[in-house]
Amino acid sequence: MEIEHKFRLPRQGMLTLRKKMNEIWWKAPLSYQRDTYFLPAEPGYIYRLRGLTPEKGPAKVELTAKTYGGDPEVREEITLPLVNVPGLGGTVEKFMKTMILLWSGTIEKTVNTWRVDDCEVAVYSCYATVDGSDGPWSYFVEVEYMGHAQTAQEQEEARAALAAVEEKLGLAGHEREKRSLFDLLLSGHMQTTLRSSEAP
């Protein structure tokens, strides 16, 4: 199980937090991330194809099935890391489109990540791309627990670890965003597309 908290920030708040993280912990390299989501005909899960290009180190490609719907604080994720070869991301995307899919859309991100205690902190800027059109920029910080969180007790310990890190970051008292990034940036277009496809 993945347990994380997400907070939406104004642009200046994102820049201030990134500067604070770089000064207190270390200067984190910037990564470029492209997430393409696919909605299958079978309900309950959504697929994500992720291409990650860090400033340093090799690029990565992952294919993930994740539970979809409701509060994303706790959700199941099944990730297949793929051996990266030239053109793999495009090949997997073409492969996915041969399946029974209802919709697809993409989120582009620039991400800085830090390890703080038992959590990973990601500060990022992102925008959605659908049908060749780019949406507005949005800014977030995510705090994800990196330990095991399968049992109820482990999940409570994870929430305590998240709260401790959020206190250090000055996020305590801020309202947590209870919608997934997909719901925030892509769900509206998806629903419009699905309604259009059902129209007589």
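I will try to describe carefully the structure that is included in this document. (Residues numbered from 1 in each chain as written. Predicted model: local features only at pLDDT ≥ 70, side-chain atom pairs only at ≥ 80, totals over all residues. Heavy atoms only, no water.)

## What about the overall build of the chain?
Part 1 of the argument: Looking only at helices and strands, the chain has 5 helices and 10 strands in total.
Part 2 of the argument: Relative to its length of 200 residues, the chain is compact, with a C-alpha radius of gyration of 17 Å against a globular reference of 16 Å.
Part 3 of the argument: Structurally, the chain occupies a C-alpha span of about 55 × 35 × 30 Å along its principal axes.
Part 4 of the argument: Looking at the chain as a whole, 43% of its 200 residues qualify as buried.
Part 5 of the argument: By sequence separation, contacts in the chain at least 24 residues apart represent 60% of the contacts at least 6 residues apart.
Part 6 of the argument: On the chain, roughly 11,000 Å² of surface is accessible, and the fraction owed to carbon and sulfur atoms is 54%.
Part 7 of the argument: Positive and negative side-chain charges of the chain, numbering 24 and 29 respectively, have mean locations separated by a distance of 6 Å. (Helix = DSSP H or I, 4+ residues; strand = E, 2+ residues; numbered from the N terminus. Rg over C-alpha atoms; globule rule 2.2 N^0.38 Å. Buried < 20%, exposed > 50% of the residue type's maximum accessible area, 1.4 Å probe, protein only. Contact = heavy atoms within 4.5 Å. Areas by Shrake-Rupley, 256 points an atom, 1.4 Å probe, with all protein chains shown as cover. Lys, Arg positive; Asp, Glu negative; His and termini not counted. Charge placed at Lys NZ, Arg CZ, Asp CG, Glu CD.)

## Section: the packing of aromatic side chains
Part 1 of the argument: Scanning all chains against the criterion turns up 5 aromatic pairs.
Part 2 of the argument: Taking the centre distance of 5.7 Å and the plane angle of 80 degrees together, the rings of W103 and F182 count as edge-to-face. Of this pair, W103 sits in strand β7 (residues 101-116) while F182 sits in helix α4 (residues 181-185), placing them 79 residues apart in sequence. Comparing W103 with F182 shows no difference in burial state: the two are buried. (Phe/Tyr/Trp six-rings, centres within 6.5 Å; stacked < 30°, edge-to-face > 60°.)

## What to know about the environment of K60
Part 1 of the argument: Note that K60 resides in strand β4 (residues 60-67).
Part 2 of the argument: Spatially, the C-alpha atom of K60 lies 26 Å from that of G44, the residues being 16 residues apart in sequence.
Part 3 of the argument: Setting aside chain neighbours within four positions, we find K60 in contact with R50, G51, L52 and N84.

## Observations concerning helix α3 (residues 152-169)
Part 1 of the argument: Given a rise of 1.5 Å per residue, 18 residues ought to cover 26 Å, and the 26 Å separating the end C-alpha atoms of α3 matches this to within 8%.
Part 2 of the argument: Turning to α3, the residues buried within the fold contact β1 (2-9), α1 (11-24), β5 (74-75), β7, β8 (119-130) and β10 (138-145).
Part 3 of the argument: The first or second residue beyond α3 is G170, which carries a positive phi of 80 degrees. (Expected span 1.5 Å × (residues − 1).)

## Remarks on the nonpolar core
Part 1 of the argument: The biggest cluster of nonpolar side chains holds 23 residues, and the ones touching the most others in it are V121, V141, V143 and L169.
Part 2 of the argument: Elements with a contribution of two residues or more to this core: β1, α1, β7, β8, β10 and α3.
Part 3 of the argument: The dominant element in this core, judged by the number of residues it contributes, is α3, at 5 residues.
Part 4 of the argument: Within the second largest apolar cluster, 19 residues are counted, among which are V111, A128, F140 and L194. (Core = buried A, V, L, I, M, F, W, Y, C linked by side-chain atoms within 4.5 Å.)

## Section: the pairing of β10
Part 1 of the argument: For β10, a buried count of 8 out of 8 residues is recorded, marking the element as mostly surrounded by other parts of the structure.
Part 2 of the argument: Alternating residues of β10 divide into S138, F140, E142 and E144 and Y139, V141, V143 and Y145, and every residue in both groups is buried.
Part 3 of the argument: Alignment of β1 against β10, held across 6 bridges, turns out to be antiparallel. Paired with L9 across the bridge in β10 is Y139.
Part 4 of the argument: Here 8 bridges tie β8 to β10, and the two strands are oriented antiparallel to one another. By the bridge assignment, E120 is partnered in β10 with E144. (Pairing = 2+ DSSP bridges.)

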